Amino acid sequence: MDTTTINFTINNLWIMISIALVFIMHLGFSALEVGLARSKNAINILFKNFMIVAIGLLTYTISGFNLMYPGFEESSIGIFSFSGFGLTLPENGLTVDYNGSFTYWTDFLFQGMFAATAATIVSGAVAERIKLNAFLIFSVFYVGVIYPIIGSWGWGGGFLSKMGFYDFAGSTFVHSVGGWAAVVAVILLGPRLGKYLADGSIKPIVGHNIPLAALGVFLLWFGWFGFNGGSVLSADPATVSLVLVTTSLAAAAGILAAFITSYLKFKTYDITMAFNGALAGLVGITAGADLMSPLDAIIIGFIAGVIIVFAVGIVDRLKMDDPVGAIGVHLICGVFGTLAVGIWGDKGVFNTGSFTQLGTQAFGIIVVGITCLITSFIILFAIKKTVGLRVSEKEEKQGLDIFEHGMNAYEDINLSDND
Amino acid sequence: MDTTTINFTINNLWIMISIALVFIMHLGFSALEVGLARSKNAINILFKNFMIVAIGLLTYTISGFNLMYPGFEESSIGIFSFSGFGLTLPENGLTVDYNGSFTYWTDFLFQGMFAATAATIVSGAVAERIKLNAFLIFSVFYVGVIYPIIGSWGWGGGFLSKMGFYDFAGSTFVHSVGGWAAVVAVILLGPRLGKYLADGSIKPIVGHNIPLAALGVFLLWFGWFGFNGGSVLSADPATVSLVLVTTSLAAAAGILAAFITSYLKFKTYDITMAFNGALAGLVGITAGADLMSPLDAIIIGFIAGVIIVFAVGIVDRLKMDDPVGAIGVHLICGVFGTLAVGIWGDKGVFNTGSFTQLGTQAFGIIVVGITCLITSFIILFAIKKTVGLRVSEKEEKQGLDIFEHGMNAYEDINLSDND
Amino acid sequence: MDTTTINFTINNLWIMISIALVFIMHLGFSALEVGLARSKNAINILFKNFMIVAIGLLTYTISGFNLMYPGFEESSIGIFSFSGFGLTLPENGLTVDYNGSFTYWTDFLFQGMFAATAATIVSGAVAERIKLNAFLIFSVFYVGVIYPIIGSWGWGGGFLSKMGFYDFAGSTFVHSVGGWAAVVAVILLGPRLGKYLADGSIKPIVGHNIPLAALGVFLLWFGWFGFNGGSVLSADPATVSLVLVTTSLAAAAGILAAFITSYLKFKTYDITMAFNGALAGLVGITAGADLMSPLDAIIIGFIAGVIIVFAVGIVDRLKMDDPVGAIGVHLICGVFGTLAVGIWGDKGVFNTGSFTQLGTQAFGIIVVGITCLITSFIILFAIKKTVGLRVSEKEEKQGLDIFEHGMNAYEDINLSDND
């Protein structure tokens, strides 16, 4: 066996492992969202998150992969050619070299696992009042069409990549793409009943299973080793291991910053803020995880951890009801992380980034943001005017689980009201 | 370091990672079964599933590995030679090349992790009324003797493999082996109290922790990357990545199919059916995961997802009380998946399988089925006549946790009756 | 690409995967501790375990890594040089070869993930009554200074390694380092209210979520594949696969032994003892996982599984209130495992260890033990006299979650008193 084949095998192996790691992020998202919502809607949230994996992979097969990476495969026949796979396995057996580093199948599945996360991000923000079918229809279009087209601008060789816009693993192309749609969805849906009271006060609606939410955050971090580490697209020891270090240190610094900031602000040890701090650090480092020194990563994670504490409060005061803080984490920290590439992204804190790069980053953020806002509005508004977006008041009060699913999440556990 | 050694190292690495992935399936099974049962039996179910890992690995050491792969190791001294390990480490140090792709230890542990799953499958079907010691005794014999002997017919170079019977990763040798025993056990045990009423109606007994069940399904899928991916027995990029793609697409299609079918049938969004759909797709693709095109995989997964919705209902109407749907998922979809090799298994949907192959597959299914039915009957009947199979009526009503384990699963959480 | 680079890449890949596996052990510890404690303290326990990851990684960056592996990096400027990383990325790009097997970043992160576990072990023992800030301050000093200095004696080329003391993956340097501090902390803190009654009887305080605890144990075992497997510090097929086999068989034998022992002793199937048996076997094999034959591993695991049943009882009768059995598992089995190297550690049960080795092992245990007892006492006593160690009686009774965190772990689930 020659060294080229061996090298190909190693790179492919790492991306395959990353596939499994990114996959388990879907459990992470599910557990976090369920844990931070009320027990009466737990099944509904699980159902959405579980279906999204199926929808994500299947739409990515039908259209997403080809839309996102156009022209890679000569033999693909339009967008319905099953991602260029054709309808049968290749004549020449299975030696489907994609780009010298891994196989076509590996690339497809890694990217497909990413695709579904964009919709999952939205899922958290719209929890506890969106109609299930409305959400599923939205997901089909957003994951199957919008996400890959926007992604192609950067990762498929499109105009943003040609301009020098840099988004290593998706602060913009994944997290903010989900986050912008979350903003639109939250506004079109309106807040949960009883969240914003007539006297202007805001009622906290508390999650019902914090250990489950903690499990979700741990698994998201675990999965991020593949999300960022696999985005190196090879097993190159120096780059991948640097990425794991920057990713982990940003998360750690995010926790510390959110802990300190929320303690100073609220005089309590708010565990949901510690969770958010970790996720903020992770989202913040994602755009430049391969460019930063460990110290850069700590700085970026720390700033993201401070930002998230204020972001969650600001989103709430704007009466955008986001049960899990998805807009703060994925959109605001996604934007910050993308800008961070322009600020620190020149490999070392004393070699600061450039204003030119910062401008390019800002331009990319704006282009992607406008596109997401418009397209998600069109999709969601069309759904609102046809099948409807929101469950009935009665259903929302009694819980979506009984109405849409005919079941309780915890059949023989006594639950109290938590309106 | 020469390329042969390096190649050996890579292949070995992938199988070792697969070991960890298959191991975590035991948590997946545990969580799924506990979540779908009642809280009063949660510890009992966990206890069974936890002990099975220990029993599986230890019996596989004592007898299983040597029974399943006879003749591979010259130095092995009969079935009690600790899997050919002998009693000390080899004289020549640790360079125990197994088959040119990985070490003897790696193979042993990968296969050992598989072995325990067969008993775990039974565990779900017999939950909430089997005596703990009865189940443990059954596991020792079924995992330590029956599973490896049957497996040797296909994977150990036995007569089924010589006939051309094809079962890539165990739709038959793992899933149906568990499933057939589940049928026997369920019949010998009888249904849970109150499940089938005097007036002929069937009372649904609802699981107590759906988020935990969801976690179980996610982890099973996660582990399946190693279950199927590791069954390639090398890190060959094309084959392993194809297997991951077919595995994931089958699961996704299974979810979609079960979602649609159960909605059409019951007019509700039944999350347990979505779970079953994923597992059905995974079991269905397992026999031919390396032979199918992505489109084949979608078709197979989709059909399995339709099958499972009807299968669960049929098993129930036959008054075989299977709390977690193990018979539908592992036996019926295992049989379907094995047949699917004969139908689509020629690499591409337009290159359909052959009738000859289909016949061979059916023959293997029947031979394995008869063997499992007879042997599991002998073991379980002997247990029934000696230590007894079923707990007392009083114990079943009050819950096995208090009686057999002296504990509640949720000590300070208020539980309601769920008979 | 030359074979040296490829070999480097493979070794690095395995250690990176081990990083992810060791990371997820933190979720394992969290889930186990939360599950075995009362619901009123669940958030507090999660908070500690979550913060520890951040504190562990950040202190390891600032001081730990350089203290533990002194002299490896010429360019490091004292202990605050961010682990020898310097403040910018190296001039020569990212080719930071650490020791011919993996990169500097990989080593840092793998060791950093280990560091935090020492404090996590203490966390379990002090649960349900320690003040949050007291624990966090303790963690900073113990993980940032004490753990790495002690570790340097063995793993950083210090005097214990020169004497021939052998601790493969940390029965002593990780588990007993945590365990000794747990002893000191438990004594300084005193038992939970109502644990030891005036009449001399001991009141069991029962965990509130056994499925969560089970998840924790499964994940710890899962992570141990990286903890022990990664400690080979290469992907060498024979050694790593042997380590995975000995690790798994020791865990399995530990379960079996604890099951039998606790059944003989208590006439019940105590699931927490089965959990402890697995962990006892894992801790027990850790010091010599690369030296033992499979049969040795079974013997060691079995003995550890017997020990733990008695150890938990003895610790309790000494009125050291350790809610999760951390002292028994990590200290007592850690000591046993370290001694086991001297007893069996010569590759094969018939090639027994040597008295000389046994003496060296005992010497190392004593030196580390004394150091841990003194240093943890100094830190904890200083905290006790300043910020205080223990929450108020009122807070302990009502639960730490409401007082320190202003939240309930299960907001809309009805809980009963469990004092």
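Residues numbered from 1 in each chain as written. Chains lettered and ligands numbered in written order. Predicted model: local features only at pLDDT ≥ 70, side-chain atom pairs only at ≥ 80, totals over all residues.

Novice: Break down the overall build of chain A for me, with residues and values.
Specialist: A tally of helices and strands in chain A yields 14 helices and zero strands. When the helices and strands of chain A are read in sequence order from the N terminus, they spell out α-α-α-α-α-α-α-α-α-α-α-α-α-α. On C-alpha atoms alone, chain A measures out to a radius of gyration of 21 Å, which is about the 22 Å that the 2.2 N^0.38 rule sets for 419 residues. The buried share of chain A, reckoned over its 419 residues, is 69%. Intrachain contacts of chain A at a sequence separation of at least 6 include 78% that bridge at least 24 residues. (Helix = DSSP H or I, 4+ residues; strand = E, 2+ residues; numbered from the N terminus. Rg over C-alpha atoms; globule rule 2.2 N^0.38 Å. Buried ≥ 20, exposed ≤ 12 C-beta atoms within 10 Å, placed from the backbone. Contact = placed C-beta atoms within 7 Å.)

Novice: Please provide a residue-by-residue account of the interface of chain A and chain B, values included.
Specialist: Contact with chain A, which involves 56 residues of that partner, is made by 54 residues of chain B. Secondary-structure elements contributing two or more residues to the side of chain A that touches chain B are helix 1 (3-36), helix 2 (42-68), helix 3 (104-125) and helix 14 (400-405) of chain A. Examining the composition of the side of chain A that touches chain B, we find that 18 residues originate from one element, helix 1 of chain A, more than from any other. Grouping the amino acids of the side of chain A that touches chain B by side-chain chemistry returns 40 nonpolar, 13 polar and three charged. (Nonpolar A, V, L, I, M, F, W, Y, C, P; charged D, E, K, R; others polar.)

Novice: Any chance you could break down the interface of chain A and chain C for me, citing the residues and the numbers?
Specialist: Contact residues are listed per partner, giving 54 residues for chain A and 56 residues for chain C. Elements that contribute at least two residues to the side of chain A that touches chain C include exactly helix 1, helix 7 (210-229), helix 8 (237-266), helix 9 (271-286) and helix 10 (294-317) of chain A. Across the side of chain A that touches chain C, the residue classes tally to 35 nonpolar, 16 polar and three charged.

Novice: Go over the relation of the copies chain A and chain B, please, and point to the residues and values.
Specialist: Between the two copies of the chain lies a relationship made up of a rotation around an axis and a movement along it. Once turned by 120° and shifted 0.0 Å along the axis, chain A lies on chain B with an RMSD of 0.0 Å. Read as a symmetry element, the transformation amounts to a three-fold axis. Minimal C-alpha separation from the rotation axis in chain A is found for Asn414(A), amounting to 3.2 Å. Different-surface contact between copies: only 11% of interface residues of chain A are shared with the interface of chain B. (Least-squares fit on C-alpha atoms with pLDDT ≥ 70 in both.)

Novice: How would you sum up the relation of the copies chain A and chain C? Please name residues and give values.
Specialist: Overlaying chain A on chain C yields an RMSD of 0.0 Å, the required transformation being a rotation through 120° with an accompanying axial translation of 0.0 Å. Both copies present different contact surfaces, since only 11% of the interface residues of chain A are interface residues in chain C too.

Novice: Go over helix 6 (residues 171-189) of chain A, please, and point to the residues and values.
Specialist: One turn of an α-helix holds 3.6 residues; hence residues three or four places apart share an orientation. All names here are of chain A. Helix length check: helix 6, at 19 residues, gives a terminal C-alpha distance of 25 Å against a target of 27 Å (1.5 Å per residue), a fit within 8%. The sharpest bend along helix 6 reaches about 25° and sits at valine 177. Most of helix 6 is tucked away: 17 of the 19 residues are buried. (Expected span 1.5 Å × (residues − 1). Bend = angle between axes of the 7 residues up to and from the residue.)

Novice: How would you sum up the packing of helix 9 (residues 271-286) of chain B against helix 11 (residues 326-344) of chain B? Please name residues and give values.
Specialist: Think of two packed helices as two axes; the pair is described by the angle between the axes and how far apart they sit. Residue and element names in this part refer to chain B. Helix 11 packs onto helix 9 with a crossing angle of 40° between their chain directions and a minimal axis gap of 7 Å. With respect to helix 11, the element helix 9 is oriented oblique. The interaxial crossing formed by helix 9 with helix 11 has right-handed handedness. For the pair helix 9 and helix 11, the contacting residues are Asn276, Leu279, Ala280, Val283, Gly284, Ile285 and Thr286 in the first and Gly328, Val329, His330, Cys333, Gly334, Phe336, Gly337 and Ala340 in the second. (Axes fitted to C-alpha atoms, helices over the stretch in contact; angles between N-to-C directions. Parallel < 35°, antiparallel > 145°, perpendicular 65-115°, else oblique. Left-handed = near helix turned anticlockwise from the far one by under 90°.)

Novice: Describe in detail helix 11 of chain B, supporting the description with residues and values.
Specialist: All names here are of chain B. The terminal C-alpha atoms of helix 11, which comprises 19 residues, lie 25 Å apart, in line with the 27 Å expected from a rise of 1.5 Å per residue. Of all the bends in helix 11, the greatest measures close to 30° and is centred on glycine 334. Counted residue by residue, helix 11 has 19 buried out of 19 residues, so it is predominantly covered.

Novice: Describe unusual backbone geometry, with residues and values.
Specialist: The phi dihedral of Lys267(A) is positive, around 55°, even though this residue is not glycine. By secondary structure assignment, the location of Lys267(A) is in the loop between helix 8 and helix 9. With a phi angle near 65°, Leu233(C) is a residue other than glycine that sits in the positive phi range.

Novice: Residues and numbers for the packing of helix 3 of chain A against helix 11 (residues 326-344) of chain A, please.
Specialist: Residues and elements named next belong to chain A. The N-to-C vectors of helix 3 and helix 11 enclose an angle of 140°; their axes lie 9 Å apart at closest approach. On the basis of their axis angle, the class for helix 3 and helix 11 is oblique. Together, Ile121, Gly124 and Ala125 of helix 3 and Ala326, Ile327 and His330 of helix 11 make up the contact between the two elements.

Novice: If you had to explain the environment of Asp236(C) to someone new, which residues and values would you point to?
Specialist: Tracing the backbone through its elements, the reader meets Asp236(C) in the loop between helix 7 (210-229) and helix 8 (237-266). With 22 C-beta atoms counted inside 10 Å, the residue Asp236(C) sits in the buried group.

Novice: Before we move on, could you go through the environment of Phe110(C) and cite the residues and values that matter?
Specialist: Residue and element names in this part refer to chain C. Along the chain, phenylalanine 110 turns up in helix 3 (residues 104-125). Counting along the chain gives 90 residues from phenylalanine 110 to alanine 20, while the straight-line C-alpha distance between them is 8.6 Å. Filtering out sequence-adjacent residues up to four positions away, phenylalanine 110 remains in contact with Ile15, Ser18, Ile19, Val22 and Gly230.

Novice: For the confidence of the model for chain A, give the residues involved together with the corresponding values.
Specialist: Residue and element names in this part refer to chain A. For chain A, the average pLDDT comes to 90, and 90% of its residues sit at 70 or higher. Across chain A, the element-wise mean pLDDT spans from 90 in helix 14 up to 98 in helix 7. Every residue in residues 73-81 is under pLDDT 50, and counting partners more than four places away or in other chains gives 13 contacts. Below a pLDDT of 50 lies the segment residues 347-351, which in the model reaches 17 contacts outside its immediate sequence neighbourhood of four places, other chains included. Scored by ipTM, the complex comes to 0.95, with pTM at 0.96. (pLDDT = per-residue confidence, 0-100.)

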